[in-house]
Amino acid sequence: MTLARLYLYDDKRSVLHTVLGFASAFLLIYGLAVFLIYLVYEVREKEAPVATVGDVVEFLVGYVVGLAVLFWLALGFYNSP
């Protein structure tokens, strides 16, 4: 629990990681390309490996929430009266 508290949402850029993940979910197949570019960027960045994992987890949280919203919107369009 302590590691999550230290490395998840530890700075102001953490919110941007989540927003980027959320937005890339709406790009569908191109979202995977955004994720791979983001992953390469994070690996090349000079910070602790645990902080890199935290940043990737923040991105994935946004991505999963974006996919959930996208799925919810799709169900709303198919079930509209």
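Residues numbered from 1 in each chain as written. Predicted model: local features only at pLDDT ≥ 70, side-chain atom pairs only at ≥ 80, totals over all residues. Heavy atoms only, no water.

Observations regarding the pattern of salt bridges
At step 1: Following the criterion strictly, the structure yields two salt bridges and no others.
At step 2: Note that Arg13 is salt-bridged to Asp11, the shortest N-O span being 3.9 Å.
At step 3: The class of Arg13 is partly exposed, set by a relative accessible area of 34%.
At step 4: Salt bridges sharing partners connect three or more residues here, namely Asp11, Arg13 and Glu45. (Salt bridge = Lys/Arg side-chain N within 4 Å of Asp/Glu carboxyl O. Buried < 20%, exposed > 50% of the residue type's maximum accessible area, 1.4 Å probe, protein only.)

Notes on helix H2 (residues 13–25)
At step 1: With 13 residues, H2 should cover 18 Å at 1.5 Å per step; its first-to-last C-alpha distance of 19 Å lies within 8% of that length.
At step 2: Every buried residue of H2 is accounted for by Ser14, His17, Thr18, Gly21, Ser24 and Ala25. The buried residues of H2 occupy an angular sector of 130° when projected down its axis, which confines them to one face. What points out from H2, more than 90 degrees from its buried face, is the exposed set Val15 and Leu16. (Helix = DSSP H or I, 4+ residues; strand = E, 2+ residues; numbered from the N terminus. Expected span 1.5 Å × (residues − 1). Arc of directions from axis to C-beta.)

Side note on unusual backbone geometry
At step 1: Non-glycine residue Tyr9 carries a positive phi angle of around 55°.
At step 2: Among the secondary structure elements, Tyr9 is positioned in the loop between helix H1 (2–7) and H2.
At step 3: If you check the backbone angles, Leu28 has positive phi at about 55° while not being a glycine.
At step 4: Turning to its location among the elements, Leu28 is positioned in the loop between H2 and helix H3 (29–44).
At step 5: Residue classification places Leu28 among the exposed positions, given a relative accessible area of 52%.

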